[in-house]
Amino acid sequence: EIPTHPNTTHISALDASGLMLSMTMTAGEDAGFVVPGTGVQLNNMLGEWDLNPEGYHRLPPRTRLGTMMTPTLALHQDGSALVVGSGGSARIRTAIMQVLSAYLDFHLPLKQAVEAPRAHLDADNEYQLEFGIPQPTVDVLAYWGYRVKPWPSKSLFFGGAHAVACRQGRAWEAAGDSRRGGAGVVVFPQEP
């Protein structure tokens with residue numbers, strides 16, 4: 001029997017010719033079917049509570065299931081490119097948006113953008129705040145009436161964004177999120 005891990009992961013790739021890959025994969029819940037001759041087990045996504053907020057077995061037949069997976073490509077006319085994605089269930093979208101903002105809006109180096117502390121607003125209006133969110137921010141959110149839950153350390157809970165980028169076709173960066181044991185590498189072909 002092949003060991004499985006009920007986790008989501010992401011791979012980002014970008015090359016000098018402009019080819020981009022953003023691929024998110026999840027073990028999720030076993031659909032009970034292995035594609036003959038491949039060893040590939042299909043995922044039924046039914047174990048994702050955030051995709052089934054009314055509970056299991058309540059969707060009408062033939063309803064297409066949504067997904068939180070959000071592989072993302074960002075391109076700029078100056079030749080800059082960013083490829084990013086994340087695991088993390090309902091926190092995938094907030095992880096990706098925070099990495100995009102840190103990199104594109106605040107011009108942080110990619111590794112800093114990926115490793116920056118994150119915040120996530122749950123459906124019940126509780127702000128989950130990763131270690132490193134400044135105390136004045138925590139205080140303001142509480143003042144505005146949010147329930148806040150500061151976390152004592154960085155956590156897998158906040159996703160695991162893995163990204164590659166190239167600014168203006170020259171400055172290459174790769175970053176794997178330490179929250180999920182990620183790694184990033186920039187590889188250039190050797191001259192003949």
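Below is a short write-up of the structure. On a predicted model such as this, the values are computed, not experimentally measured, just so you know. (Residues numbered from 1 in each chain as written. Predicted model: local features only at pLDDT ≥ 70, side-chain atom pairs only at ≥ 80, totals over all residues. Heavy atoms only, no water.)

**Considering the sheet that holds strand E6 (residues 81-87)**
With respect to topology, four strands assemble into an open sheet ordered E5-E6-E10-E11, the strand pairing being antiparallel. At either margin of the open sheet sits one strand with a lone partner, and together these are strand E5 (72-75) and strand E11 (171-175). Along the sheet, successive strands turn relative to each other by an average axial angle of 10°, direction set aside. Inspection of the sheet shows E6 paired to strand E10 (residues 160-167) by seven bridges, in the antiparallel sense. When the sheet's bridge partners are listed, Gly87 is paired in E10 with Gly160. Along the sheet, helix H1 (residues 92-105) contacts E5, E6, E10 and E11; its crossing angle with E6, the most-contacted strand, is approximately 150°. (Pairing = 2+ DSSP bridges. Helix = DSSP H or I, 4+ residues; strand = E, 2+ residues; numbered from the N terminus. Axes fitted to C-alpha atoms, helices over the stretch in contact; angles between N-to-C directions. Contact = heavy atoms within 4.5 Å.)

**Some words on the layout of surface pockets**
Size it by volume and the largest pocket reaches roughly 360 Å³. Along the wall of the largest pocket there are 23 residues; nearest its centre are Ala13, Leu14, Val164, Val185 and Val186. For the lining of the largest pocket, the leading source of residues is strand E1 (residues 8-14), giving five residues. A per-class count over the lining of the largest pocket returns 16 nonpolar, five polar and two charged. (1 Å grid on protein atoms, 1.4 Å probe; cavity = no way out; pocket = protein on both sides within 12 Å on 5 of 7 lines; lining within 4 Å. Points joined across faces, edges and corners; volume = space filled by probe spheres on them. Nonpolar A, V, L, I, M, F, W, Y, C, P; charged D, E, K, R; others polar.)

**Things to note about H1**
Under the 1.5 Å per step criterion, the end-to-end length of H1 is 19 Å for 14 residues, consistent within 8% with the ideal 20 Å. Taken together, the buried positions of H1 are occupied by Ile92, Ala95, Ile96, Val99, Leu100, Ala102 and Tyr103. With its buried residues spanning 170° around the axis, H1 presents them on a single face. Exposed residues pointing more than 90 degrees away from the buried face of H1 are listed as Met97 and Asp105. (Expected span 1.5 Å × (residues − 1). Buried < 20%, exposed > 50% of the residue type's maximum accessible area, 1.4 Å probe, protein only. Arc of directions from axis to C-beta.)

**Here we look at the sheet that holds strand E8 (residues 126-129)**
Read across the sheet, three strands follow the order E7-E8-E9 without closing on themselves; strand pairing throughout is mixed. With partners counted over all chains shown, the strands left at the sheet margins are strand E7 (119-121) and strand E9 (147-150), one partner each. Each neighbouring strand pair of the sheet contributes to a mean axis angle of 20°, computed without reference to strand direction. As paired elements, E7 and E8 share three bridges and run antiparallel to each other. Bridge pairing in E8 links Ala119 to Leu129.

**Structural notes on the pairing of E11**
Across five bridges, E10 lies against E11 in antiparallel orientation. Opposite Cys166, over in E11, you have Trp172 as the bridge partner. Between E10 and E11, which pair antiparallel in sequence order, lie three residues; one of them, Gln168, sits at a positive phi of approximately 50°.

**Some points on the packing of aromatic side chains**
Evaluated as defined, the whole model comprises four aromatic pairs. The aromatic ring of Phe157 is capped on one face by Arg91, whose charged end is 4.0 Å from the ring centroid. Over the ring of Tyr103 we find Arg167, and its NZ or CZ is 3.8 Å from the ring centre. (Phe/Tyr/Trp six-rings, centres within 6.5 Å; stacked < 30°, edge-to-face > 60°. Lys NZ or Arg CZ within 6 Å of the ring centre and 35° of its normal.)

**Focus: the nonpolar core**
If you look at the biggest cluster of nonpolar residues, it comprises 17 residues, and the most contacted ones within it are Leu82, Val84, Val99, Tyr103, Leu110, Val114 and Ala163. Elements with a contribution of two residues or more to this core: E6, H1, helix H2 (110-115) and E10. Looking at this core, the element that brings in the most residues is H1, giving six residues. With near-sequence residues (within four places) excluded, Val114 lies in contact with Val99, Ala161, Ala163, Ala175, Gly176, Asp177 and Arg179. With six residues, the next largest nonpolar core counts Tyr127, Leu129, Val138 and Leu141 among its residues. (Core = buried A, V, L, I, M, F, W, Y, C linked by side-chain atoms within 4.5 Å.)

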